[in-house]
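# Breakdown of the fold
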Amino acid sequence: MIKFTILTLFPEMFENLKTSIIGRATEKNLISIETVNIRDFSKNKHKKVDDTPYGGGAGMVMMPDVVYDCYESVKTDKAKVIYLSPQGKILNQKKVKDLSKEEHIILLCGHYEGIDQRVIDEIVDEEISIGDYVLTGGEIPAMAMIDAISRYVDGVISKESIEEESFSNGNLLEYPQYTRPEEFHGKKVPKVLLSGNHKNIDEWRKNKSLEITRQKRPDLLN
Ligand code: 4GS
């Protein structure tokens, strides 16, 4: 059982995790997902959570005391605190697999221009980015992490699915998949897949994986 605690100003954004594979995993108690609204920790009568940046500039900055109190309300001895930010190391499949061994992951989501640096320095164990582009908040990266990590939790998806997919398989992309009908818009399913010869099918798939990786993502091959 891995527990995810999300610190966010927009807990409604995480409703989608109640659907599909992640929703089922939660229902089966294989993972647990808890959201905490940072705004609930505002001491201000207007529930203010952000203020203008010292030194000037655009946008608002989330205040450190509010974020800290929110963190304090959920922290555990074993918790690993991750801040989603373009300054972090870019997430990859190895990191996903390593994180799936944690017991409790706290995901801190910034919004607006970000969070006061002092509270980041005080509570964050690791900064992670989901790619070199700018989003409006850390919520979508937090969802991407929960989704990718949960796949590795026992019982969430089949062992075969974990092993077959891209990257698990020594950094190769997936071979193409086909289903019925046998012919679609004049295009036939490759014959070998209908042959029932599993040795030939495995070999064809391995070759396709290599070919596609070489073609589309040669950077993955070293
Ligand atoms: C990312 C990213 C991100 C940066 C949050 C600007 C709001 C935003 N977080 N991977 N402030 N890429 N965060 O763009 O993790």
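A short tour of the structure in this document, coming up. (Residues numbered from 1 in each chain as written. Predicted model: local features only at pLDDT ≥ 70, side-chain atom pairs only at ≥ 80, totals over all residues. Heavy atoms only, no water.)

## Examining the packing of aromatic side chains
All told, the structure shown has 1 aromatic pair when counted by the stated rule. Centroid distance tyrosine 68 to tyrosine 71: 5.9 Å. Interplanar angle 55°. Geometry classified as tilted. Here the residue tyrosine 68 and the residue tyrosine 71 both occupy positions in helix H2 (residues 64-72), the gap between them amounting to 3 residues, near one helical turn. Note on tyrosine 68: relative accessible area 24%, which makes it partly exposed. (Phe/Tyr/Trp six-rings, centres within 6.5 Å; stacked < 30°, edge-to-face > 60°. Helix = DSSP H or I, 4+ residues; strand = E, 2+ residues; numbered from the N terminus. Buried < 20%, exposed > 50% of the residue type's maximum accessible area, 1.4 Å probe, protein only.)

## Let's talk about the pattern of salt bridges
Taken as a whole, this structure holds 14 salt bridges when the rule is applied. Glutamate 211 is paired through a salt bridge with lysine 208; the nearest N and O atoms lie 3.6 Å apart. Of the two residues, glutamate 211 and lysine 208 are both situated in helix H7 (residues 198-216); the distance of 3 residues between them amounts to about one turn of the helix. Of the residues examined, glutamate 211 reaches a relative accessible area of 34% and is grouped as partly exposed. One network of salt bridges, in which partners are shared, links Lys43, Asp65 and Asp69. (Salt bridge = Lys/Arg side-chain N within 4 Å of Asp/Glu carboxyl O.)

## Examining the site of the ligand
As a structural note, the neighbourhood of the ligand is formed by 15 residues, with Tyr112, Ile130, Gly131, Tyr133 and Leu135 the closest of them. A distance of 3.0 Å separates a nitrogen atom of the ligand from a polar backbone atom of tyrosine 133. Here an oxygen atom of the ligand sits 2.9 Å away from a polar atom, N or O, in the main chain of leucine 135. Bound to the protein, the ligand loses 89% of the 370 Å² it would expose on its own. At a threshold of 2 Å from the grid points, most atoms of the ligand map onto the second largest pocket. At the level of elements, strand E5 (80-90) and strand E7 (126-129) are the ones that each hand at least two residues to the shell around the ligand. Ranked by residue count, the leading element in the shell around the ligand is E5, at 3 residues. Class assignment of the residues belonging to the shell around the ligand gives a composition of 9 nonpolar, 6 polar and no charged. (Near = heavy atom within 4 Å. Polar contact = N/O pair within 3.5 Å; in protein donor to acceptor, adjacent residues only side chain to side chain. Areas by Shrake-Rupley, 256 points an atom, 1.4 Å probe, with all protein chains shown as cover. 1 Å grid on protein atoms, 1.4 Å probe; cavity = no way out; pocket = protein on both sides within 12 Å on 5 of 7 lines; lining within 4 Å. Sits in = over half its atoms within 2 Å of the grid points. Nonpolar A, V, L, I, M, F, W, Y, C, P; charged D, E, K, R; others polar.)

## As for the sheet that holds strand E2 (residues 31-37)
Sheet strands pair by backbone hydrogen bonding; their relative direction is either parallel or antiparallel. The strand order across the open sheet built from 5 strands is E2-E1-E6-E5-E7, with neighbouring strands paired in parallel fashion. Lying at the two open borders of the sheet, with one neighbouring strand each, are E2 and E7. Each strand axis lies, on average, 35° off the axis of its neighbour in the sheet, ignoring direction. Pairing geometry for strand E1 (residues 2-8) and E2, over 7 bridges, is parallel. Looking at E2, one finds that threonine 8 is bridged to asparagine 37. Against the sheet, helix H5 (residues 139-150) makes contact with E1, E2, E5, strand E6 (104-108) and E7, and its axis sits at roughly 175° relative to E1, the strand it touches most. (Pairing = 2+ DSSP bridges. Axes fitted to C-alpha atoms, helices over the stretch in contact; angles between N-to-C directions. Contact = heavy atoms within 4.5 Å.)

## What about the layout of surface pockets?
Volume-wise, the second largest pocket comes out at about 450 Å³. As for the second largest pocket, its lining consists of 25 residues, and the residues nearest its centre are Tyr83, Leu84, Ser85, Pro86 and Glu113. When contributions to the lining of the second largest pocket are tallied by element, the ones reaching two or more residues are E5, helix H4 (117-123) and E7. Each residue belonging to the lining of the second largest pocket can be placed in one class, and the counts come to 12 nonpolar, 11 polar and 2 charged. (Points joined across faces, edges and corners; volume = space filled by probe spheres on them.)

## Some points on the environment of asparagine 207
With respect to the helices, strands and loops of the structure, asparagine 207 is situated in helix H7. A relative accessible area of 44% places asparagine 207 in the partly exposed class. For asparagine 207 and leucine 173, which are 34 residues apart along the polypeptide, the C-alpha to C-alpha distance reads 11 Å.

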